[in-house]
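Coordinate inspection notes
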Amino acid sequence: MSMNVIGISAFFHDSACCLLQDGVIKFAVEEERYTRVKADASLPRHAFQACLEAAGLKVTDIDCIAYYENPRKKLARQLWSGILGDSPKLLDKLDPNYVENRIRDILGFEGPVKFFDHHLSHAASSFFFSGYESASIFTVDGVGEWATTTYSLGRGKSIEMLEEVEFPNSLGLVYSTITNYLGFEVNEGEYKVMGLAPYGKPLYLKQMEILVQDTGRGQYQLDMKYFNFSAQKRMYTDALIELFGKRPRGKDDGIAEFHTDVAKSLQVFLESILVAKTGYLFDQTGCDSLCMAGGVALNCVANSAVLRNGPFKRLFIQPAANDAGGAVGAAALAHIELTQEWPNVARLRHAYLGPEFAAEAVMEVLRSMSLRYYDCRGDFKKLLSMAVTRLESGQVLGWYQGKMEFGPRSLGARSILADPRNEDMRDRINKMVKLRETFRPFAPAVMAERVREHFDIDHPSPFMLETCQVVSRLSLPAITHVDGSARVQTVDRESNPRFHDLLSAFEELTGCPILLNTSFNIKGEPIVCTPEDAIRCWITTDIDCLIIGDYIIDRDDNNLEILKILITADSAMRDNEGAIVRDVYTFV
């Protein structure tokens, strides 16, 4: 009999489920992929059911549910900070048993439920799947229960917490506050600030140093006169506006030099303090393998600075470093408690842990929509030839293959692909497909065996969580950021043979083993999950061609106007389930 543990993260943002069987990740998926609600915070009932179905299990086959934080500790912090206020809608959350009651009532689970501290779940999600026998562990995010930054040492099946920084002192919340000040959505716009930073100069470092003081050892302190973490519309006070000397940017305002300079200053400051604090962690542990987790660990520029400028020889960050990954860590911790065994001995090498759909199911959807398509079943070489010919001619492809990725990055399973040598491609995709700001960069996917020829990186980067300089002899304007950097994904044949074969075929045709790779979604929506999601996104954007499994669908071969009308009508009916826009950090 297998030991079946399901890990859950929920009721904050990025809710998710993970199934661990005998310590091995069998399935992991975010709830947003099913509900189509961006960063869905609800109990992941759909993701839970998907875990069961993927393994052919019933709810009674689950030995334990592991929850990624401690509801009692979190409630104490919420009450202390006044976040819950006096809203009648939030009164039920005053019950410390709220989470367990929801798990039992909605999921129908009657077995044991284990709770683990938020930062311990983060730490476990990285260390136990790093392949390291021992490692320094650095976790940094907005806030868990009380901890915002933790320093740990992992050895075998144990994690020892060495020190923590407590709320309201939080690097994650500082980054979110400036994101808010710059007019972007919190919990989403942090990526935009990171992408905006290379356009500016670090002219406001003194202001950043006023906001956050390094108080020695692993500690730092925020000057709270500049912050208001209990407000509903903004995370900063008038004092912060006075500190920077300019009014906040409205969300529809243009980007000025001031905004790029503030973004650059924030990014440089974050990198400097992360390098300093991880250096302190190394001094405490003497272990030169580093694991990172927490939302701040999704800042790929800062990650590279930590590895490049710090004492660590190796770095591991699992693909869902945000709260979704906490489900994985909680499941691993529960597995250890139940079995007294290390949950995993091998490094997590890919993120293809979600649902997949059979060719017959895809064909049924295509026929139901009366779409014309090329059927390449049994002739993968034909599919590759048709795909790379379209890419070389300047087309944008939707690439939908196999199991969906876990985490916020598309890694060649639910991707939009294009020729990185085309200087117009970045602007075209930003404006006509992704519907997002033109300053935001796109990432390259490259054959792992070719990466050193084109990028200044000496190790695999399968999860797109590091940046490096572009050193290619080729001109790659579509994936090279303004500072000459790129957020690289290395693709090896073992982890994703179809995507690797596509890159190889593109190299044979063009001499370029690289493709522009961005997530298969539009602004405000989660990455596509089902074939229906993929077709909807393809129809409502300017993606030229959709390759879904073994089927190729060209826009020019189909009259999509009627389908567009039907989809628009359906979207209007589903407005109440659309993406949630957040002005401030979600604490409740």
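Everything that follows concerns the structure shown earlier in this document.
Residues numbered from 1 in each chain as written. Predicted model: local features only at pLDDT ≥ 70, side-chain atom pairs only at ≥ 80, totals over all residues. Heavy atoms only, no water.

Regarding the overall build of the chain
If you tally the helices and strands in the chain, you get 19 helices and 22 strands. The C-alpha extent of the chain, read off along each of the three principal axes, is 60 × 60 × 50 Å. Across the 588 residues in the chain, those meeting the buried criterion constitute 60%. Put simply, 71% of the contacts in the chain that link residues at least 6 apart link residues at least 24 apart. Accessible area of the chain: about 23000 Å², with a carbon and sulfur share of 48%. For the chain, the separation between the mean place of its 63 positive charges and that of its 79 negative charges on side chains is 2 Å. (Helix = DSSP H or I, 4+ residues; strand = E, 2+ residues; numbered from the N terminus. Buried < 20%, exposed > 50% of the residue type's maximum accessible area, 1.4 Å probe, protein only. Contact = heavy atoms within 4.5 Å. Areas by Shrake-Rupley, 256 points an atom, 1.4 Å probe, with all protein chains shown as cover. Lys, Arg positive; Asp, Glu negative; His and termini not counted. Charge placed at Lys NZ, Arg CZ, Asp CG, Glu CD.)

Comments concerning the packing of helix α14 (residues 380-392) against helix α17 (residues 497-510)
Two elements in contact, α14 and α17, have axes whose closest approach is 9 Å; the angle formed by their N-to-C orientations is 55 degrees. In this view, α14 runs oblique relative to α17, as classed from their interaxial angle. As α14 runs across α17, the sense of the crossing is right-handed. Contacts from F380, L384, A387, V388, T389, L391 and E392 of α14 reach α17 at R498, D501, L502, A505, F506, L509 and T510. Of the residues that constitute the contact of α14 with α17, the class distribution is nine nonpolar, two polar and three charged. (Axes fitted to C-alpha atoms, helices over the stretch in contact; angles between N-to-C directions. Parallel < 35°, antiparallel > 145°, perpendicular 65-115°, else oblique. Left-handed = near helix turned anticlockwise from the far one by under 90°. Nonpolar A, V, L, I, M, F, W, Y, C, P; charged D, E, K, R; others polar.)

Regarding helix α11 (residues 300-309)
Counting buried residues in α11 gives seven out of 10 residues, a clear majority hidden from the surface. Among the residues of α11, C300, A302, N303, S304, A305, V306 and L307 are the ones counted as buried. For α11, the elements touching its buried residues are α7 (190-196), α10 (257-285), β11 (289-293), β12 (314-316), β17 (467-469) and β18 (485-487).

Examining unusual backbone geometry
In the segment running from F167 into P168, the intervening peptide bond is cis, with an omega of 10 degrees. In this model, F11 sits at a positive phi of 65 degrees, which is unusual for a non-glycine residue. Structurally, F11 can be placed in the loop between β1 (4-9) and β2 (16-21). With a relative accessible area of 11%, F11 lands in the buried category. Despite not being glycine, D14 shows a phi value in the positive range, around 55 degrees. On the secondary structure map, D14 appears in the loop between β1 and β2.

Description of the pattern of salt bridges
In this structure the tally under the stated criterion is 23 salt bridges. Measuring nitrogen to oxygen at the nearest pair gives 3.1 Å for the salt bridge that ties K114 to E337. Residue K114 is located in strand β5 (residues 113-115), and its partner E337 is located in helix α12 (residues 323-339); the two are separated by 223 residues in the primary sequence. You can call K114 partly exposed: its relative accessible area is 22%. Ionic pairing is found between R440 and E437, a salt bridge with its closest N-O pair at 3.7 Å. The residues R440 and E437 share a single accessibility class, namely buried. Taken together, the salt bridges that share partners define one network made up of E30, E32 and R33. (Salt bridge = Lys/Arg side-chain N within 4 Å of Asp/Glu carboxyl O.)

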